[in-house]
Amino acid sequence: WQLVAPRDPKRPPLVFHYVPVIGCAVSYGMDPLGFLDDCRKRYGPVFTYPLLGRRITCTLGPLGSNFVLNGKLAHVNAEEAYTHLTTPVFGTEVVYDVPNHVLMEQKKFVKFGLTTDNFRRYVGLIRTEVRDYINKHVYADGSKQTGKGVDAFTTSSEITILTASATLQGHEVRAAMDKSFAQLYHDLDGGFTPLNFVFPNLPLPSYRRRDRAQLKMREFYISILQKRRESPEEPPLDMLTALQNQQYKTGEPLTDKQIAHIMIALLMAGQHTSAATGAWAILRLGQFPDLQQRLYDEQVEHFYDQATGEWTDLEYETLQTPLLMAFIKELLRCHPPLHSLMRKIILDCPVPGSVGSPSAEPNQSAAWRKRTEGIEYVVPRGEFVLAAPGYSQVDEGIWGPDAKEFRPERWLDQGQKVPGEEDEGEEDYGWGKISKGGKSAYLPFGAGRHRCIGEQFANVQLGTIIATLVRENQWTLDQPFPGNDYTTMIVMPQAPRNVSFTRRAAQPKA
Ligand code: HEM
């Protein structure tokens, strides 16, 4: 029992906790953002809390996010924070199982498969998948005009994996999705849970299923690569082909095994994040029928030709209409799939005073400011640091009194900009120039060298899914708007999370 926290002035304040080892796991696990808010009120924006045997220093606010996400490679390390969870699932020799410079090269290779030409082709493929899925599963193969009690998360997950496999993963994966691949995915996914994060290896059936599925999935991708090589036909222009043509700076090619593992990493990285966002989209539109109607009206305005009575096809270039864009941004502001991002400290790391400065904490009292101004802490090697963009994204000090309300219009009012964000210039991490952007209050895709590589794909996928759903259907919530389920790796809506669908008339009214 630890009743009095030892206080070393060089260390950030230690959050009071009763039970050693478990530490703050219960309060953090039940409501992480509420826990962080409570700690901020007591200790300021920089504090350390124990969690299941680890010590984690959280640096709240945009400057705190920047400190973690744009931290020096010599100090902060993502591989050591995540590899025990990701390597058994993705496989070896990729992502966090390799030194950072190799990951940066692998991200560059992936970028070759994320081209505008590919995105253009994807829009139509995604649209077809969504329509077919809804027709089959919601309207009982077209025999009904309504579908009741539809679970928003199951629907979104299935649509996400079908659309990702029809596009990014390649037609062979899409074809197998109706057969063995879905089960492999399910078993592998069973290894991507908070339990696996805390205990990477336990003698449990789910761990054995995870390992078997990883091997089989790797073999499956390798067999596709081999068949494509043997085929006289031109290979399709997709991610697999893009990866097959890449080589490291050393002149070594990517091996088939590495390609297979990168494909698994992309599948897993994109699936939960986009599926959760899609589920929140369905639920928010069920909660706000007027917003649903306005998104529909926007589709009509941009894509329906009243003279010919025809819909124009959705296209990559025109997909991002203002309200749809604002809606997706607001989804990721209020429901970021990853609200916090962690790094391991590999060299004693000073936390600059500016992270806890008055400008980072505009709403704190004068006494608090006096106490924290100019302080510089040290986080020792072996501990962890945590950025919590999900916290800053709903901080009233930054977004105003309605920060916690779901209001896509704020993006239209703000000219699609983030309050207080400054242009921090660009940085090249070896996989393309990206905006440094760490000091932003809106980072659903992270920042710095580990920033998400799938943002554009996710926007194409989510934008097309939402536009297609809104054009052809109307739906309402079956129960009050659900709360957050924090027991999974990604924040999901709690069950029940059902909606009831009605098919829209084929033609909008003139
Ligand atoms: C990294 C969010 C979709 C692939 C990240 C990170 C975030 C994020 C926050 C940074 C992790 C960190 O710094 O620790 C999201 C969200 C998505 C999404 C909100 C959808 C709404 C995707 C998709 C793909 C993808 C579709 C693949 C096509 C990756 C990869 C990384 C990454 C490869 C890099 C990891 C690294 O460099 O350490 N994502 N992601 N993501 N994401 Fe995404």
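Residues numbered from 1 in each chain as written. Predicted model: local features only at pLDDT ≥ 70, side-chain atom pairs only at ≥ 80, totals over all residues.

Next up on the list: the overall build of the protein chain. Within the protein chain one finds 20 helices and 16 strands. Relative to a compact globule of 510 residues, whose C-alpha radius of gyration would be 24 Å, the protein chain shows 23 Å and is just as compact. For the protein chain, the spread of C-alpha atoms along the principal axes amounts to about 70 × 55 × 45 Å. Sequence separation of at least 24 residues holds for 77% of the intrachain contacts in the protein chain that already meet a minimum separation of 6. (Helix = DSSP H or I, 4+ residues; strand = E, 2+ residues; numbered from the N terminus. Rg over C-alpha atoms; globule rule 2.2 N^0.38 Å. Contact = placed C-beta atoms within 7 Å.)

Turning next to the nonpolar core. Ile259, Met263, Ala279 and Leu386 are the most contacted members of the largest nonpolar core, which has 125 residues in total. Counting contributing residues, this core receives three or more from each of domain 1 (1-69 + 347-380) and domain 2 (70-346 + 381-503). With near-sequence residues (within four places) excluded, Ile259 lies in contact with Tyr221, Leu225, Leu240, Leu243, Gln244 and Leu254. (Core = buried A, V, L, I, M, F, W, Y, C linked by C-beta atoms within 7 Å. Buried ≥ 20, exposed ≤ 12 C-beta atoms within 10 Å, placed from the backbone. Domains from an automatic or database assignment.)

Contacts to the ligand come from 23 residues, most closely from Gly270, Thr273, Gly446, Cys452 and Gly454. Elements with a contribution of two residues or more to the shell around the ligand: helix H5 (100-111), helix H13 (256-287) and helix H20 (455-472). By residue number, the principal contributor to the shell around the ligand is H13, which donates 6 residues. Among the residues forming the shell around the ligand, the class breakdown is 15 nonpolar, 7 polar and 1 charged. (Near = placed C-beta within 6 Å. Nonpolar A, V, L, I, M, F, W, Y, C, P; charged D, E, K, R; others polar.)

Our next topic: the sheet that holds strand S3 (residues 76-77). Spatially, 5 strands are ordered S1-S2-S10-S7-S3 in an open sheet, and the strand pairing comes out mixed. Of all strands in the sheet, those bounded by a partner on one side alone are strand S1 (46-51) and S3. In terms of strand pairing, S1 meets strand S2 (residues 54-59) through 6 bridges, oriented antiparallel. By the bridge assignment for S2, Pro50 is matched with Arg55. (Pairing = 2+ DSSP bridges.)

In the predicted model, the protein chain carries a mean pLDDT of 91, and the fraction of residues at 70 or more is 94%. Across the whole predicted complex the pTM is 0.93, and at the interface the ipTM reaches 0.99. (pLDDT = per-residue confidence, 0-100.)

For the rest of this paragraph, the subject is the domain arrangement of the protein chain. Structurally, the protein chain comprises domain 1 (1-69 + 347-380) and domain 2 (70-346 + 381-503). Here the C-alpha centre of domain 2 lies 30 Å away from the C-alpha centre of domain 1. Facing the 30 residues of domain 1 at the interface are 34 residues of domain 2. Every element with two or more residues in the side of domain 1 that touches domain 2 is listed here: helix H1 (25-30), helix H2 (32-43), S2 and helix H3 (61-69). In terms of residue count, the dominant contributor to the side of domain 1 that touches domain 2 is H3 (9 residues). A per-class count over the side of domain 1 that touches domain 2 returns 18 nonpolar, 8 polar and 4 charged.

Pairing analysis gives 4 bridges linking strand S4 (residues 146-151) to strand S16 (residues 498-503), with the strands arranged antiparallel. Across the sheet, the residue bridging to Asp151 is Asn498, located in S16. Sheet topology note: the strand S13 (residues 473-477)/S16 ladder contains 5 bridges and is antiparallel. Each residue of the ladder has a partner; that of Leu477, found in S16, is Val499.

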